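The lines below spell out each chain.
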Amino acid sequence: MGSDTGWVLVYEGFDPAKQGLRESLCALGNGVFVTRAAAEESRADGTHYPGTYLAGGYNRLATEVAGKTIVNEDLVNFPNWLPLTFRPARGDWFDLAQVDVLNYRLELDMKRAVLTRHIRVRDRSGRETSVSSRRLVHMGDPHLAAIDYRITPQNWSGRVEVLSELDGAVVNGGVARYRDLASRHLEAVDAGEHGDGEIWLLVRTTQSRVEMGLAARTRAYRGTEGGGERADEDRRVVREPGRIGLELAFEAGEGETVSVEKIVSIHTSRDAAITEAALESREAVERCGRFEELLRSHETAWVPLWRQCDVQIEAPGQDQLALILRLHTFHTLQTLSLNTLGRDVGIPARGWHGEAYRGHVFWDEVFIYPFFNARYPALTRSLLLYRHRRLPWARQLAEREGYKGAMFPWQSGSNGQEETQVIHLNPKDNTWGPDLSRRQRHVNIAIAYNVWQHWVTSGDLDFLSRYGAEMILEIARFLGSLATLNGITGRFEILGVMGPDEYHEKYPDSEEPGLRNNAYTNVMAVWVIQRALEILEFLGPTRVSEISESIGLSSDEVDRWQDITRKMTVPFHGEGVISQFEGYDRLKEFDWKAARARHGNITRLDRILKAEGDSPDGYKLAKQADVLMLFYLLSLDDLEPLFAGLGYTFDADVLRRTVDYYLPRTSHGSTLSKVVHASVLDRSDPTRAWDLFNEALQADFADVQGGTTPEGIHLGAMVGTLDIVLRHFAGVDAAGDSIGFSPRLPQPIRSLRLRVRHRGRWYGLKVTRDRVVVELEPGPGGPVRVRVLGEESTLEPGGHCERELPG
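Here's what I pulled together on the structure shown here. Only a predicted model underlies this, so the values are computations on that prediction, with no experimental measurement involved.

Analysis parameters
Residues numbered from 1 in each chain as written. Predicted model: local features only at pLDDT ≥ 70, side-chain atom pairs only at ≥ 80, totals over all residues. Heavy atoms only, no water. Polar contact = N/O pair within 3.5 Å; in protein donor to acceptor, adjacent residues only side chain to side chain. Helix = DSSP H or I, 4+ residues; strand = E, 2+ residues; numbered from the N terminus. Buried < 20%, exposed > 50% of the residue type's maximum accessible area, 1.4 Å probe, protein only. Pairing = 2+ DSSP bridges. Axes fitted to C-alpha atoms, helices over the stretch in contact; angles between N-to-C directions. Parallel < 35°, antiparallel > 145°, perpendicular 65-115°, else oblique. Left-handed = near helix turned anticlockwise from the far one by under 90°. Contact = heavy atoms within 4.5 Å. 1 Å grid on protein atoms, 1.4 Å probe; cavity = no way out; pocket = protein on both sides within 12 Å on 5 of 7 lines; lining within 4 Å. Points joined across faces, edges and corners; volume = space filled by probe spheres on them. Nonpolar A, V, L, I, M, F, W, Y, C, P; charged D, E, K, R; others polar. Phe/Tyr/Trp six-rings, centres within 6.5 Å; stacked < 30°, edge-to-face > 60°. Core = buried A, V, L, I, M, F, W, Y, C linked by side-chain atoms within 4.5 Å.

## Some words on helix α13 (residues 592–599)
Structural remark: α-helix, 3.6 residues per turn; residues separated by three or four positions point the same way. Two or three places before Lys-593, at the opening of α13, Asp-591 has a side-chain oxygen 3.4 Å from that residue's backbone nitrogen. With its phi angle positive at about 75°, Gly-600 sits one or two positions after the end of α13.

Given below as C-alpha cells:
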C-alpha cells in the first residue's frame, strides 16, 4: 500500500481480510449517491460487500428483539448497479475465490476520482486472463456512473460471455451487529429492456416509498482507449426476482482486448425536474456518450473542487501525510458536494459509505461545518436548512419531555424524530442492553454553534434573520427550561444528561439515567443563551418581535436567561480542575495497564467492561474528550469572560491543569477524540499535538478501531484533521468582517499551501518555515483588509502581502 504521487492510493495484492476496509476507503460518490469499491463480479459474501447509498435515502422496519418490537430507520442499501462479470464459453463465471490470482492491483486516483483495478488470473482449466477495469461516479452529472471493463485472454481464444446486471434483490447486511434486525428495505416494481443493449429496473422502499429507477447500457468494443468498433454480440435478457441482466457473447482472440462499457443512470422520486425515475434513467443512458467522454467531463468537474480544497503539504519523511489529507478531502467532497445544494439532507456521521450508525445525523457535524464555511458557505446554508425544516419535530420532542423551545434528537434521519435505539447490541458478548445515548442534549448546542459560526464567517444576515435566529432562540429556550434553580446553592444546574464522553450513562448503583451538571453541557448552554441574547439586541426590533411572537418568547423568559448566564453551575475538583460532571472526582481510578494487558485494544472500554459484568459508570475514564470540547470550540478569550460572569476563575492554568488531568484518563474510543486533543494541545505541547494529529490521520486509513471503517468512514474525524490544518497550521481566523492568518507550522512540515474563501473572496496562502504570503485572488470587488501575524494590511484584487515568520 502506498503512493508515488500523493494523489493515488495503491493496494498491491488481494487480501480478503482487508477487502471491507478497501471498499470503504476507495468508494466513489458525488454528493448524491456513494458506491462502495466492491469488485464488479462480487456479491455480498463475507469478503465483499457491494453497497450503493442515496444521500438521505432512509426506510423504517420493525423487528422483534428481546421481547420488544423496535423500529429502526436505516440508510438503505439501494440496488447494486456494479454487477459485470465474464466467463469463457462453457466455463465458470469469474470468481476471485475460484481462481489463482497471479497479479492484483487496486488504484484510487483521487485527482481524477477514478477507481482502477488490474488483475491477472488462472482458472481451473489453466486459462490465463487479464482484466482491467475503470470506474467513476460522475461529479458533473450526479445521476451517472460508468465502468470500462477490459478482458484480455492471455493464453487462449474463443467465445466470451459477459453478464451485466442491475440487482435490486439486495438487503442491508453490512454491519454484523444489525444482522438480526429486519433488513429487506426494497420491493421490485418493474424491470425491462429498452433500446440498444439497455436494461432498466425500478424499485421502491417498503415504508418511505422512495422509488429508484436505474438504467444500464452495456456494449462491447474491440480495441482500447475508447476507440474501436462494436464487437459482434449475441444478446439475451435474463430475469430473476428483483434483478435483471443482459448477457453478451462475442469472440476474442489470444492477446486481444475487448472493452465492455457499462453506462448507468440513477434517478429517484425525490429528484427535481423529473417525471418518473425509471423513464428519466432510460432517456439519460440513451443520450449520454461513451466512457471516455464521460471521464473527460467528470475530470473537468473535479478540477475546481481540488483547486479550492486541496491542501499541499511538503513534509520530508512524512510520505503519507499529503496522501491521507487528500483522502480525507476526497471523501468529504464525495459525501457533500455542490450537487448536495438544495437537497434535504444533513451531514451523516459515517458518510454515505456504509450502514454504520444507519446513516444518521449526529453532533459530528460540528467538526465538519468549518471546512465548508471556509470554501462553500452556500453549501453550509443548505445543510443547516436540513435542521431548520425539522424544527417542528424538535419542538414536539421538547414538549413531550416537558421543556420549552426545540430539542433536536441525538440521532436524526428522514423527518427529525428521535432515531436512537432504545436497546443496543454489545458485540463483545452478543447481549442487548438499554441505550441511553439520546440523553446527549449537547447535540442542540452543536446545532446552535454551527448556525452562529456560519453567520460570523459568512456574514449571511439573510440566513440568520430568516432561519438561524429562530433555531438559536428555540434551542436557548430548551436549554433554559432544562436548567433548574438549586435552592441551596442558588445556582442553576442541568440534570439527567450525558456528555460527549458517552461512557458515563448514570451514576454507579443508581437506576436513574443521566448525570448532574456535565461541565461541557452547562458552559456551552450559557454560551448559546448569550448568543440568543445577542441576537435579540442586534437583529432589529421588528424582526425580533416577529420571531418572539411566532415562538411565544416572553420577557420573563429572557430575564431568566440573563439570570442563567450569571448563575450556572460549573463543577470543579482538586486544585482547580473542571470536573467532567458533578461527582466525577469520587469515582474509582481505572487500572489502564491491567486492561491493556488483558485486552490489547481497549478503545471500546464500555463494551469490554459490560461484557465482564462491570460498567464504565464507576470509573474515572472517558471514551473521548468531554470537558476538553470547551477548549476545542471556544478560545481562552471566549472562556475567560464567560466564567468570570458566572463567578468562577478561568485562565490558562485552569486549562492546562484540566487537560493534563483528562489526557491519561481517556481511551480515545471515538475517532473524534484525538482530533480534539491534538487541537487543544497545539499551543501548549506541540510535539504531543503533532503525534496525536498523526494518530488521528490513521483512524480510518489504518482502521485503528479494528473493523469499524469497513462499515463506513468516520467523516467527522476525517474533516477534523483538515480543520486542524486550517485553524492551527495555517492559522486562519475567519470570524468577523476581515480574515486573519497566523500560521504556525509543526516542525516536520516544510511548507503549506491552501486556498480559503471569506465573504465571497478567495485567498491563497503559502507558508514556509520563515515566510507567509497571502494573496487576494483576482476577481470582482474592491480592496479588502486582512490580518497577517496580527498586523492589518490592505490587499487589492491580485495583490499579496508577505511577512517574515518569527523564528
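Now that the structure has been shown, the text picks up again.
## Things to note about the pairing of strand β31 (residues 771–776)
On a regular strand, each side chain points to the face opposite its neighbour's, so the side chains alternate between the two faces of the sheet. Burial of the side chains of β31 is restricted to one face: Val-772, Val-774 and Leu-776 are buried, whereas none of Arg-771, Val-773 and Glu-775 on the reverse face is. With five bridges joining them, strand β30 (residues 761–768) and β31 adopt antiparallel strand pairing. Bridge pairing links Lys-766 to Val-773 in β31. Counted along the chain from β30 to the antiparallel partner β31, the turn is two residues long.

## Regarding the packing of helix α18 (residues 671–681) against helix α19 (residues 686–701)
It is at 8 Å that the axes of α18 and α19 come closest, and there the two elements cross at 155°. It follows from the interaxial angle that α18 and α19 lie roughly antiparallel. Relative to α19, α18 is oriented so that their crossing is left-handed. Touching Thr-671, Lys-674, Val-675, His-677, Ala-678 and Leu-681 of α18 are Pro-686, Arg-688, Ala-689, Leu-692, Phe-693, Glu-695, Ala-696 and Ala-699, all from α19.

## Considering the sheet that holds strand β7 (residues 84–88)
The four strands lie next to each other as β7-β12-β17-β16, forming an open sheet whose pairing is antiparallel. One side of each edge strand has no neighbouring strand; the edge strands of this open sheet are β7 and β16 (234–240). Between one strand and the next, the sheet's axes are offset by a mean angle of 25°, whatever the strand orientation. As paired strands, strand β12 (residues 158–167) and strand β17 (residues 243–252) are joined by ten bridges and run antiparallel to one another. Looking at the pairing, Leu-166 lines up with Ile-244 of β17.

## Observations concerning the layout of surface pockets
Summary: where empty space remains is shown by rolling a probe the size of a single water molecule over the atoms. Its boundaries defined by the atoms lining it, the second largest pocket holds a volume of some 1,500 Å³. In terms of lining residues, the second largest pocket is bounded by 47 residues, among which Leu-633, Leu-634, Ser-635, Asp-638 and Arg-727 are the most central. Sort the elements by how many residues they give to the lining of the second largest pocket and helix α8 (residues 442–458) lands first, with six residues.

## Some words on unusual backbone geometry
The phi angle of most residues is negative, glycine excepted, and most peptide bonds adopt the trans form. Look at Glu-502: it is not a glycine, yet its phi comes out positive at around 75°. Backbone geometry at His-668 places phi at a positive 55°, although glycine is not the residue there. Using a relative accessible area of 13% as the deciding quantity, one classes His-668 as buried.

## As for empty space enclosed by the protein
Here the structure, examined in full by the defined rule, presents five cavities of 30 Å³ or more. There is about 90 Å³ of room inside the largest cavity. Taken together, the residues that form the lining of the largest cavity break down as four nonpolar, five polar and four charged. Together, Gln-19, Ala-37, Ala-38, Ala-39, Glu-40, Tyr-104, Leu-106, Leu-115, Thr-116, Arg-117, Ser-133 and Arg-135 line the second largest cavity. Counting residues per element, the ones that place at least two in the lining of the second largest cavity are β8 (100–109), β9 (114–122) and β10 (128–137). Here the residues of the lining of the second largest cavity are counted per class, giving six nonpolar, three polar and three charged.

## Digging into the packing of aromatic side chains
Here the structure, examined in full by the defined rule, presents 30 aromatic pairs. Judged by centre distance (5.8 Å) and plane angle (80°), the ring pair of Tyr-507 and Phe-581 falls under edge-to-face. Here Tyr-507 is found in the loop between β23 (492–497) and β24 (515–516), whereas its partner Phe-581 is found in the loop between β26 (577–578) and α13, with 74 residues between them in sequence. Every member of this aromatic cluster is reached through a ring pair, and the members are Tyr-507, Phe-581, Tyr-584, Tyr-661 and Tyr-662.

## Some remarks on the side chain of Thr-329
Topologically, Thr-329 is positioned in helix α4 (residues 321–335). Of the residues examined, Thr-329 reaches a relative accessible area of 1% and is grouped as buried. One polar contact links the side chain of Thr-329 to the main-chain carbonyl oxygen of Leu-325, over a distance of 2.9 Å. Filtering out sequence-adjacent residues up to four positions away, Thr-329 remains in contact with Trp-306, Cys-309, Phe-371 and Leu-722.

## Describing the pairing of strand β33 (residues 791–795)
With five bridges joining them, strand β32 (residues 784–788) and β33 adopt antiparallel strand pairing. By the bridge assignment for β33, Val-784 is matched with Leu-795. A loop of two residues connects β32 with β33, the two strands running antiparallel in sequence, and Leu-789 in this loop sits at a positive phi of about 55°.

## A few points about the nonpolar core
Judged by nonpolar contacts, the single largest core of 232 residues is most densely connected at Trp-81, Trp-363, Phe-631, Phe-693 and Leu-752. Per element, the largest residue contribution to this core is 13 residues, and it comes from helix α10 (residues 519–538). Counting residues in hydrophobic clusters, the runner-up holds ten residues, among them Phe-590, Leu-605, Ile-608 and Tyr-619.

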